[in-house]
Structure formats: structure tokens, C-alpha cells
Amino acid sequence: MLDLSNNSFYIGLKSYNQTTSSKFIGKDREVDSLLAILQTNKFVCLTGAEGSGKTSLLNAGLIPRLLAGFPGKVGNQWSICKFRPSASPLSNFKQALTFDGVLNLEDKPNTTDILDYDDVFSSMRELSLVSIYKNSEIYNKKNLLVVIDQVEDLFRFNKDFNHLESKDDDLLFDIAAKSVSYKTLPIYFVFSINSIFVSKLSQYPSLQELISQSQYAIQNLSLNTLKDIAYKGDFEVEATSYNSIYQIYELLSDDISYLPNLQFYLKLMKSENYKEDVTVENCIGQTFDLLFDKLQQDEKQKVKGLLFGVVNIETNSTHSFKATIDYIIQSSNITLSELKELLVMLSGFFDNLFEIVPNVKTAIYNQYKFNLKGNDFIKLNYSKYFNSKVFSDFVKEEEVSYRRFKEFTSSLKQYKIGESGLLTGPQLEIAKEWLINEKHTKEWAEKYVLPYADVVNFIKKSVTENERLIALADDKIKKEAKKNAFQKKLYAGFAIIALILTLFAANEWRIATKSQELAKKETKLAKAASKEALDSSKKAQEALKIAKQKEAEAKKAIEKEIAEKQLLLQSQRSDSLNKLRVETTLQTIEKDKKIREELLEEINIKNQLINIKNNASTLMIGLINAQKSGKSDQVNKAIKNLVSEELKFDSLNQLQPNIYISDDWMYDLNQKAWSMIEGKSDYHQTSMRLGEFSNYPIVDFELFNNQLVVLADTKGSIYITDITLNNIQSYASFNTQLPNEKIKRIGLKKPSIVVITTFTNKIYSYSLTTEEVSLLYETDLTFNNIILNVFYKSKNEEIIVVENKQIVFIKENGAIKKIKLDDDILAASFNKDKLYFILGNQLVFYDGVATAFENINLPKDLIGELNDVSVLHVQDNYLFMGFKSGEIKIYSINQENYSLKPILSHSKHFGEIVNIYFDQSKKALYTSGIDNRLFRYDFKYMESNLDKGFSKLTTPDESINKIQAYTNSLGQRMLMTIHDQKYLLSWHVDDIDMLKALNKKLIKNSN
């Protein structure tokens, strides 16, 4: 059996906590950031991908720092109330307040308090925590921090907690917002949430402003941190060479969700079960499969039963695999005691891979880890890169079962509305096989929202109807057989009559034969008489034949003479042809030689390009070592070497455009070199940082006429600067003096008119010339309307306001037209005087003139997927979609039949897409997500080769709030982004432009 028990420095598949905080390395800077936000806003929303270390950062980073004496509103003493919502958010909140003893000075639980809390929550509503704290022992003696970990439970546990119908989540968030709004009251809140679900928080009005000001995305591990982790674990140098650490760093840079794999891999390497073929990517899955192979058959069945219970294809896209204990027992025939033994066994190898999540966590769960209740949940963690063959085979099998289930449901719906009939043919045979599969029971189907009983009845009805049709066909065949028997009897009568007629005809034939013999005798006599005449004729023919022979001999003699002359002529022609063939052959040989030389040259250039690109890591190490040396001559030498290699790469690429090798690898190196040549530690600290305009968060900016930059902060100030000036710090500021309002976004209606949207869903017009502000529009909050987008129709200076429940058109004269909708708008975009938006499960557009919306025909990959779209952007004839899962999809629009043609589907982001920007002049698409990563898709190469078209820009570990582009004074295309709501950062769009600028800096620095 496997043995992973050791006294390793590495904890494996667990979250770090206060006990293991000494092993929690490299996160001090992030803890400082969290503390700064918490101290300023009394609220932090920590976001990150699954497995990125959010819980560890709180338990082993933030909380120990607070308990060590961090100053709060009432001194440096803290009480920590920590819980996860599960499927009962308010109950778990009350339990945490009660049994953790957080409101008592001696930290002792008081079990009677929970009864009082029920009354307080019912009567005081959003003021309930304020009331409870003020009446507690710790009031004004200790600061209270409430940590709600894994807020995504509210959206993941959708079958057990419906956030659309329940009011518990609304009250919980209202309590948080209200409690932190009292500036002098020492109540603080921290949320942690999976990045995929952050957009769900936008449906809670009380949280909008808090989230916008206090969101923090967890950062990746730095290269130095990885090295420290390796060395502190007592690894030998050979086992953790710089290159292998660098490869792990690259892997985590691409997707931080590999962090649990790394933790398990490091622990595995210190055990006796480590094998050299195990990698970070496959270590969990390969070890799980190895364990599974060593199990007895009955144990394998129990593991299969557990997997059978937790796998759910409806939540597969968000890697949410969980089920209640009751469901696992009922659907898999495992007893409660067997399930407990199985979980104990698996936890010995894989720690928290299978986690028990209580529906309501009472005090008993703190004492007994494997205390199981029927309505509690078992959740499979770290499933994104589980990479187990056993598990993936199970998922594939489940996908087939679910897909069939979904198809039959769709057929049932079509049947009910009269668009199709019952199942027939191959589809019916598939349905029959699906129905008799012992796996597809009523208990199995309970995990899905599809109508199992109706589908089963539909299939059975189809089978019955099919059997009825078969019976009718059999009856018809029998009737045809009877009809055929009658016809056979009739045919037999006809045959007898035909036989009689045949005998009669035979007698007539004998009479005719005798008459014929008499005629033959008479003919014989006539032939003898004509014989003599024939003999005379033959003699005449022989004489004619002799004459013809002589004529033929003469003709042959003439033909022979002609042939000899032709042969002589052909010989002369053959010499000319041979000469021509030789010349042609020589030309072909020369041409083939040239082709071979060109091909060898192409191969040589391609190999040189590949070698330079593959040498990128060596170049990066050279830069890092030069920077560490602190010597300017070594820095210049390393940068000079880099520039030389990149210039060589570019010139080689220009020589052979047909074999273009992507230059995306240059950007990381150039950014590093840029920071080094300016003596900065990071690129975002260089001259490319365009300045900090305000002490308050920058919420939005807008470019106008490739010159003006208009910015706004939450305080209500607007800043205008000219990016063509050398000193961007020169700017004009305006105070809008909005009454009790905070700016959410801005836009330019005219060069002198700024349109402002606030967090209270109001729209103002602000004149930069008169500095006057006027209210243009205010949404009706009684219907929970939220402003999603504001667009500007330059043709008639009309403002288009897109809300979740309606579309509003504001004319130049102030007239307002509203179109109310039945479904919710999920995302919208404006292009060429057309408004495109997702309405329920449809993608539609509206030109503002027609009486109805026009539907866009969806390709198969978008059907049923629109609910997951986070960003919609339409420009030219392209349609771009960003999804909550981090996927990007690009389509071309056919304007004749309003259909979409897929161009690209890419899943490089590991969190929700936040920004999509298309630079028309360069035909390049830029995307950013809550994972703080910025990607570029170059349309020049994308349709032929996705790898050529895709590249990643290295960004600071800060949120990217907006993307736009402009052309600088040198004619170079530049990108502009807001980072962490603090400052603007510019980027060279073209790698070669940046290389030229870097080379210019190098020459200037050398002189």
C-alpha cells in the first residue's frame, strides 16, 4: 500500500493555518496589502482561482498578523469569527458567533446565545451584528473580524440553496455592508471567493461599492519564493535545479490553480513512493490511480460509488463536484460506516482532496473530523488538474449519460409543443439502451435539474408506439400473404389452360413439319440445275484475283519508297529533339538545385529562429544575474546581448515570412530589460507608468481623439491630461461636487461634456467649460434595476443606457424612451449604431428604429452557454465573448443572414473575463480577467495558427480595470491600462517597436 506519511516540511493537499504558518512562505507583501485595505475600508474581498491559496492566506497570513497585535479601531486585540456559508449561510454565521466564543472575553462558547441571535436577526435585520456586538463582552475592548470563506458556496450549492429565491444571502451581505459603514465601530469583514463567481456579487446592491474599492486578487508565487520553498524543504540542489524551479514558476504563471499539485508534488518527493516520471501536472492523478490499482475489488467499488455520487456534469465547467452524504449512500449502495472508512483511508493519502462540508457547522465538527450527517456534503477539491485516468474515464462516461439525458429532454420539449414526434429509429434504440442501463436510476437523476420521470415516460411511450407500429406492419404482412395465396391458385388455373393450348399447338406443328420436308425435296432439284452456272462464275473470279495481286505488288513498291524517305526525315528530326531534351533536363536540374538550396536556407533560418526563441530562459537568467550583480557594465552587457539576439530574430523573420515564428517571447524579456536599464525592480515602476493622479481609487478613464485622457476617481474628481505632452503629470482637475455620490464610470459625449454613472445608478452630465453638473437620468430601484452599460450614439448625440431589465434612450433634448424587457440582459455592446445584447438565452441586436429585436443565429457551441458570458464586445464584423470560466470566443458576423462563424476558442485565463479591447488599427485583441493577466490575440496569424496569434503580456500582480489604445508622438501604437485603481500604465503594442525603443535607451545609456 502507498505510504505518504512523513515529517516533511510540505503539508500536501491542505490549507495552511495558524499552526503551520511558519511554513507559509513568501506572502508577507500580500498580507501587508490585505491589512492596508482592511484598515482603510474595514472590508476586503479576496479573489482567486480554485486552489490558489485564498484560505491559506487568511488562516496562516492575515489572521496571525492581526492576533499578533495589529492596530484596529479599539486597540490591538482581535476576535475572529470565521465560517463558510455552505447551504445555510445565516445558520452557519450564528453558529460561528456562538460556539467559537468570539464575543466573550475568555473565548468560551455560550450555547444559549444562538437562541437570542435568532430573534435579533429577525428583528434587527441588517443592524443585527451591530446590535449583537454592542451587547457583547468585547464591545469597545476587542476588534471583531468576520471572515466568510468560500462565498461561492452560495452559488455552487444551487440545488440545496437557491440564491435567486432565498433572502438569507441578501441579509448576510446587507449585515456586512451596514456593519462596516459605521466608521468608528470596530467591525471588519473579509470575503474570499473563487474568481469564477465574483460577477455573481454584482446582483447585491449593498456590495457594489465595497467590492469595487476593496477587491484584492491573490498573487502568484515569485521565483525567489519558489526557491525558498524548495531549499527550506531540505532538497538537494540536483533535485531542484534552477531550470526545474523556473519551469514550475512558468507553469504557475500560466495557471495558479496548479498550486495544490505543487504542494502535493513536494510532499510526494519526500516520500518513498516518488517516481521520476511523476510531474507537477500529473502527480495527484497518477498517485490516485496507483492507489486505486492496489485496492481490493470491493474497495474499488466503494471508490467508484463515491466518484459516482460527486460527479455532476452540469457544474463541470466550474469544477464543482459535490453531493450530499444521503445522495451518495442512496445512489451508490454504500453504507454510512463504509463511507466514513473510505474517507478516513483517502484522507491518509490525499488530505483534503475529498472534503466534508457541513450543511450547518456546529461545535461537534470541531471535535470529530469525520462526523457525518445525511444533509452534509462531500466535495472533491482541486479537480481542475486532478488528472486521474480513473476519474477522467468516469467523467467521460457520465458526460455521455448526461448528454443523452439532455437530448431526450430536448426531444420531449419539442414533442410537447408539436415540433417533433416520438422517438424513432436509431434515436429510439439509443434511448432504450440508456433506459435499461442500471446506472440511470431515479436516484442518479436527482443530481440534475432535468425531468427524469417525464423523460422515462416519454421513452416508454415511444417504445409502445414503436411496438404498435410494428404490430400494424405485421398485420399488413399477414394480409398480403393471404392475398398472395389466392393469386397463386389463380395462376395455377391459368397454367392448366396454357398446357392444353400447348398440346394443341404441338399437333399443328407436326403437320407443318411434313409440308416443310416436301418443299425441301423440290428445292434440292433446283440447286442441281444452278450448279453449272456457279462453276462458270468461279473461273471469272479467279482471273480477277490475279489482276488485283499484281496491282497490290506495285502499290507496295511505291509505299516502300515513301517509307524510306520518311525514315530519313524522322532521323533528322530525332537529333533535334534529343538536343532539346538535353537542354530541358539541364534546366530542370538547375531549377531543382535552386529549390533545394532555398529549402535548406528556409530550414536553416527556421532552426536559427527556434534556437533563439528556445534560448529565452537563458537570456532571462542572464538578465537576472546581471541585475543581482549590481554592476552597470554587466547590466548593459546582458541587455546588449538580449537586443542583439532579438534584432537577429526579427531580421531572420523578415527574410522568411512564410515560416514566421512568433516573437511573443520577447515581451517578458524586454520588460525586464526596460526596468533594469532604468534602475527599477519592476516594469510598472518605470517611465511607462503614466502617473498617479489621485489619492482615491481611479474607477475609469477615457481616451478622446488620440490625445486627451479623462480620468475619474471615487471621490468625484475628474482629471484631464494630454498624452502627447512629454510631462503627463501636467493635468487639469475638476471637482464635480456630486451630492453623496461616488463615480462608477465615465464617458465623453463631447470634448467638453463628461457623462458620469454613479454607484446609485444615476447618470449626470458634467461640463468641463462651465463646471456645471446636471442629472440626466435615474433608474427605478423599486424593480432592482442596475445600470450595466452606457453608450453614445454620435450620429444624433443620443445616450443609450442598458439596464438589466430595460433599455433607455436619452435624446439630446432630454426626452427619454424606455423599452422594458421580460428577460434579464446579461451583457451588451454597441457597434455601428446597433446595440447587441444577450437577452436570456438569445443573442439579439437593435438599431433603435425597428419595432422588434433581431435574433442572431447561434452556432452549436453557444447554445445554452450564454448565461456564462461576462463580457460582450462587437467591433467591425467581429463578435467577442468573454466567459466567467476564463474562456474567450471570437466569431465573424455574417450581416446577410445574421449568423456567426467561429474563429477562435481559447481558455488561457483562469478566472472571469473582465475586459475585452480590440485595436482596429493593429487588428489585435486584448483581454484581461480577474486573474490579473493580460493577453493579446494577433489576427494576422490567428486564423492559420493560434499559437502564432496568441501572446501573454507580463503585468504587475494587480487588477486591470480598463484597456484602451492610442498612437504616441513617434507613431508607435501604445496600450493604456488602469492598475489596481491607482495608476495608468502604457505598453508598446508591437514587440519590435519596444525593441527599437529599448535599443535607443541602451545606446543613450552607454554614451
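The chain is annotated in an unreviewed UniProt entry as Novel STAND NTPase 1 domain-containing protein from Psychroflexus salis.

Attention shifts here to the overall build of the chain. Of the regular secondary structure elements, the chain holds 26 helices and 36 strands. When the 1007 residues of the chain are sorted by exposure, 49% land in the buried category. Considering only contacts within the chain whose residues lie at least 6 apart along the sequence, 60% involve residues at least 24 apart. Here the chain has roughly 51400 Å² of accessible surface; of this, 50% comes from carbon and sulfur atoms.

A few words on the sheet that holds strand 5 (residues 215–217). Taken in spatial order, the five strands line up as 2-3-4-1-5 in an open sheet, and their pairing is parallel. Strands at the two margins of the open sheet, each flanked by one partner only, are strand 2 (78–83) and strand 5. Sheet twist, expressed as the mean angle between neighbouring strand axes with direction ignored, is 20°. Sheet analysis places strand 2 next to strand 3 (residues 143–148), joined by six bridges and oriented parallel.

Moving on, we come to the packing of helix 13 (residues 297–310) against helix 15 (residues 336–350). At a minimum axis separation of 11 Å, helix 13 and helix 15 run at an interaxial angle of 95°. Taken as axis vectors, helix 13 and helix 15 run roughly perpendicular relative to one another. Touching Lys 302, Val 303 and Leu 306 of helix 13 are Glu 338, Leu 339, Leu 342, Leu 343 and Leu 346, all from helix 15. For the contact of helix 13 with helix 15, the residue count by class is six nonpolar, no polar and two charged.

Moving on: the packing of aromatic side chains. The full count for this structure, using the stated rule, is 36 aromatic pairs. Centre to centre, the rings of Tyr 133 and Tyr 139 are 5.5 Å apart; their planes meet at 80°, and the pair counts as edge-to-face. With 5.7 Å between their ring centres and 20° between their planes, Phe 264 and Phe 350 make a pair best called stacked. Of the two residues, Phe 264 is situated in helix 11 (residues 259–269) and Phe 350 in helix 15; the sequence distance between them amounts to 86 residues. Here Phe 264 matches Phe 350 in class, with each residue buried. Its guanidinium or amino end placed over the ring of Phe 394, Lys 439 lies 5.8 Å from that ring's centre, counting from NZ or CZ. Here the guanidinium or amino end of Lys 447 rests over the ring plane of Phe 308, the centre of that ring lying 5.2 Å away.

This part is about helix 26 (residues 991–1006). Each α-helix turn comprises 3.6 residues. Residues three or four places apart therefore point the same way. Compared with an ideal rise of 1.5 Å per residue, which puts 16 residues at 22 Å, helix 26 spans 22 Å between its outermost C-alpha atoms and is within 8% of the ideal. For helix 26, the set of buried residues is Asp 991, Ile 992, Asp 993, Met 994, Leu 995, Ala 997, Leu 998 and Leu 1002.

Once that is clear, we can look at the confidence of the model for the chain. Keep in mind that low pLDDT regions are not for reading the predicted coordinates in detail. Residues with a pLDDT of 70 or more make up 82% of the chain, whose mean pLDDT is 80. Strand 3 holds the highest mean pLDDT among the elements of the chain, 96, whereas helix 16 (residues 364–367) holds the lowest, 52. This stretch, residues 236–243, has a pLDDT under 50; its non-local contacts, to residues over four places away or in other chains, come to eleven contacts.

Our focus in this paragraph is the pairing of strand 18 (residues 787–793). As paired strands, strand 18 and strand 19 (residues 798–803) are joined by six bridges and run antiparallel to one another. Bridge pairing links Ile 787 to Glu 803 in strand 19. Counting the residues between successive antiparallel strands, the hairpin from strand 18 to strand 19 contains four residues, one of them, Glu 797, with a positive phi of roughly 55°.

To continue, consider the pattern of salt bridges. Within this structure, the stated rule accounts for 29 salt bridges. One salt bridge in this structure joins Glu 398 and Lys 447, with 3.5 Å as the shortest N-O distance. You can see Glu 398 sitting in helix 17 (residues 389–416) and its partner Lys 447 sitting in the loop between helix 19 (442–445) and helix 20 (452–614), a full 49 residues away along the chain. Take Glu 398 and Lys 447: they sit in the same class, and that class is buried. Two residues, Asp 824 and Lys 805, come together in a salt bridge whose shortest N-O distance is 2.7 Å. Of this pair, Asp 824 sits in the loop between strand 21 (816–820) and strand 22 (825–831) while Lys 805 sits in the loop between strand 19 and strand 20 (806–810), and the two are 19 residues apart along the sequence. Judged by its relative accessible area of 31%, Lys 805 falls in the partly exposed class.

Positionally, Glu 407 belongs in helix 17. Exposure remark for Glu 407: the relative accessible area of 32% places this residue in the partly exposed category. Remark: the alpha-carbon pair of Glu 407 and Ala 431, spanning 24 residues in sequence, is separated by 9.7 Å.

This part is about the packing of helix 3 (residues 89–99) against helix 4 (residues 113–124). Running from amino to carboxyl end, helix 3 crosses helix 4 at an angle of 135°, the nearest separation of the two axes being 9 Å. Between helix 3 and helix 4, the crossing angle belongs to the class labelled oblique. Viewed along their axes, helix 3 and helix 4 form a crossing whose handedness is right-handed. Across the interface between the two elements, Leu 90, Phe 93, Lys 94, Gln 95, Leu 97 and Thr 98 from helix 3 touch Asp 113, Ile 114, Tyr 117, Asp 118 and Phe 121 from helix 4. Partitioned by chemical class, the residues of the contact of helix 3 with helix 4 number six nonpolar, two polar and three charged.

What counts as what
Here the residue numbering is sequential within each chain, running from 1 through the sequence in written order. Per-residue local features are limited, in this predicted model, to residues with pLDDT of at least 70; the limit for side-chain atom pairs, both in listing and counting, is 80 or more; totals at the level of whole chains, interfaces and linings are taken over all residues. No hydrogens and no water enter the side-chain calculation; it runs on all heavy atoms of the structure. For the purposes of this entry, the term helix denotes a DSSP run of H or I that reaches at least four residues, the term strand denotes a run of E that reaches at least two, and both are numbered from the N terminus. Burial classification: accessible surface area is computed with a 1.4 Å probe over protein chains only, and a residue below 20% of its type maximum counts as buried, one above 50% as exposed, and the rest as partly exposed. Any two residues having at least one pair of non-hydrogen atoms within 4.5 Å are treated as being in contact. In short, Shrake-Rupley with a 1.4 Å probe defines the accessible areas, and a residue's cover is counted only from the protein chains shown. Should DSSP find at least two bridges between two strands, the strands are taken to pair. To get an axis, fit a line to the C-alpha atoms, keeping to the stretch in contact for a helix; angles then go from 0 to 180 degrees between the N-to-C directions. Small angles under 35 degrees read as roughly parallel and large ones over 145 as roughly antiparallel, with 65 to 115 read as roughly perpendicular and the rest as oblique. Only Asp, Glu, Lys and Arg are considered charged, only Ala, Val, Leu, Ile, Met, Phe, Trp, Tyr, Cys and Pro nonpolar, and every remaining residue, Gly among them, polar. Aromatic pairs are defined between Phe, Tyr and Trp rings, using the six-membered ring for Trp, whenever the two ring centres lie within 6.5 Å; interplanar angles under 30 degrees are classed as stacked, those over 60 as edge-to-face, and all others as tilted. By definition, being over a ring means that NZ of Lys or CZ of Arg is both within 6 Å of the ring centre and within 35 degrees of the ring normal. Every helix has an expected span of 1.5 Å times one less than the residues it contains. Per-residue confidence from the predictor is reported as pLDDT, which spans 0 to 100. The term salt bridge refers to a pairing of a side-chain nitrogen on Lys or Arg with a carboxyl oxygen on Asp or Glu at a separation within 4 Å. Crossings are sorted by hand: turned counterclockwise from the far helix by less than a right angle, the near helix makes the crossing left-handed, and turned clockwise it makes it right-handed.

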